[in-house]
Every structure is written in C-alpha cells, then in structure tokens.
Amino acid sequence: MLSKAMQLLSEAALSKPVPITCPTCRSAKIRRSKRRTLMDYLLSGAGILPWRCESCELRFQSRPVPFRFSLYAHCSYCGNADLQRISPEHVPGWTAFFGRFTGLPSLRCDPCRHKFFSMRPLMPQEHLVVPTAE
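What you see is a predicted model, and the numbers here were worked out from it, not measured in a lab.

For the rest of this paragraph, the subject is the state of the cysteines. Tallied over the entire structure, the rule returns zero disulfides. The structure places no disulfide on C25, whose sulfur is separated from the nearest cysteine sulfur, that of C53, by 3.6 Å. Given a relative accessible area of 35%, C25 falls into the partly exposed group. With relative accessibility at 0%, the residue C53 sits in the buried group.

A word on the pairing of strand 2 (residues 49-53). With respect to burial, strand 2 is a largely interior element, five of its five residues being buried. Burial along strand 2 is two-sided: L49, W51 and C53 and P50 and R52, pointing in opposite directions, are all buried. Bridge count between strand 1 (residues 30-32) and strand 2: three bridges; the pairing is antiparallel. Within the sheet, the bridge partner assigned to R32 lies in strand 2 and is W51. Where strand 2 hands over to strand 3 (residues 59-62), the hairpin turn is made up of five residues, of which E57 adopts a positive phi near 65°.

Here we come to the pattern of salt bridges. For the coordinates displayed, the defined rule picks out two salt bridges. With a shortest N-O distance of 2.8 Å, R59 and D40 are connected by a salt bridge. With R59 in strand 3 and D40 in helix 2 (residues 38-45), this pair connects stretches of sequence that are 19 residues apart. Classification of D40 by relative accessible area gives buried; the value is 3%. For D110, the salt bridge is made with R108, and the minimal N-O distance between the two is 3.2 Å.

With that settled, consider the pairing of strand 5 (residues 106-109). Each regular strand displays side chains that alternate between the two surfaces of the sheet. Burial of strand 5 is two-sided: the residues S106 and R108 facing one way and the residues L107 and C109 facing the other way are all buried. In the sheet, strand 5 pairs with strand 6 (residues 115-117) via three bridges, with the strands oriented antiparallel. The residue bridging L107 from the neighbouring strand is F116, located in strand 6. The turn linking strand 5 back onto strand 6 is made up of five residues, and R113 within it adopts a positive phi angle of 65°.

Let us look at the sheet that holds strand 3. With antiparallel pairing, the three strands of this open sheet are ordered in space as 1-2-3. Across the chains shown, the open sheet's two edge strands, defined by having one partner strand only, are strand 1 and strand 3. Here the average twist between neighbouring strands, direction ignored, is 40°.

About the thresholds
- Note on numbering: residues in each chain are counted from 1, in written sequence order.
- Given that this is a predicted model, residues contribute local features only at a pLDDT of at least 70 and side-chain atom pairs are listed and counted only at 80 or more, while totals for whole chains, interfaces and linings are drawn from all residues.
- Each side-chain value is worked out from all heavy atoms of the structure, with water and hydrogens disregarded.
- When the sulfur atoms of two cysteines come within 2.5 Å, that pair is taken as a disulfide.
- Burial classification: accessible surface area is computed with a 1.4 Å probe over protein chains only, and a residue below 20% of its type maximum counts as buried, one above 50% as exposed, and the rest as partly exposed.
- What counts as a helix is a DSSP run of H or I of at least four residues, what counts as a strand is a run of E of at least two, and both are numbered from the N terminus.
- Note on pairing: two strands pair once DSSP finds at least 2 bridges between them.
- Whenever a carboxyl oxygen of Asp or Glu lies within 4 Å of a side-chain nitrogen of Lys or Arg, that contact is scored as a salt bridge.
- Note on geometry: axes are lines fitted to C-alpha atoms, helical ones only across the stretch in contact, with angles between N-to-C directions running from 0 to 180 degrees.

Spelled out as structure tokens, the structure:
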C-alpha cells in the first residue's frame, strides 16, 4: 500500500513542469545569462542555456523546460509555458510575415513580454505550475 502511494505521488510530480532553481541555494530567482564561451554556444544548440542565480550569483546551464514538455509551446527566452494568445499584428520582426502568412498562432509570454509564433500546441492548463512568491 505504501509503494502504491509513493507511485501516485511520483506520477503527480512528473505531470507538472518544475520551475528552474539554483543548484546551490535552491532559489527560484534566476535569469538568463549571456553566452560567453564556445561551449555555451554548443550547448545552446542542444537546448541547454546559461542561467545566473540572482541570490548567490552562481552561473549554471540548464534547459528552460523539462525535456518531456519541450513538445509544447514555451517562451524561448525564459521557458514559461503559461502563454497568452495575441493578435498576429503585434508580433514584431521581419520573420513575422511568414507567421502571419501561414496562419500560425501568435503567443505572448507574460513575465518577459516576448511575442512569437509557434507551431507547437499550448500546454494543457492542468500541467501549468503557478509560481509562489517567496
């Protein structure tokens, strides 16, 4: 009976994306760091981006979203999956023409205000984690 309860708890934990935390101080106050070295550029090609903790100033690499959730639409800057649909006219850039022409859904990330088109479906609402203020 105890093993069944543990299995249910582990399945519930795997069904929701966990926000990135600092590996040293476990703080959720992190931000994207600039790519500096050749290794940073190579890892970012594989989806592993540099981050910096604002509490302890540690610099580390991590994916913005867990690999199992990378098939859903998410912000390429901060990894947020809680996105809002917006009008296609609000997406800037010279490549926005292709998104408008093909009719791709236009999305906006609320925390970083990044606007983009995505071919990926939105993540179901039951999988989204609401961040808590600490």
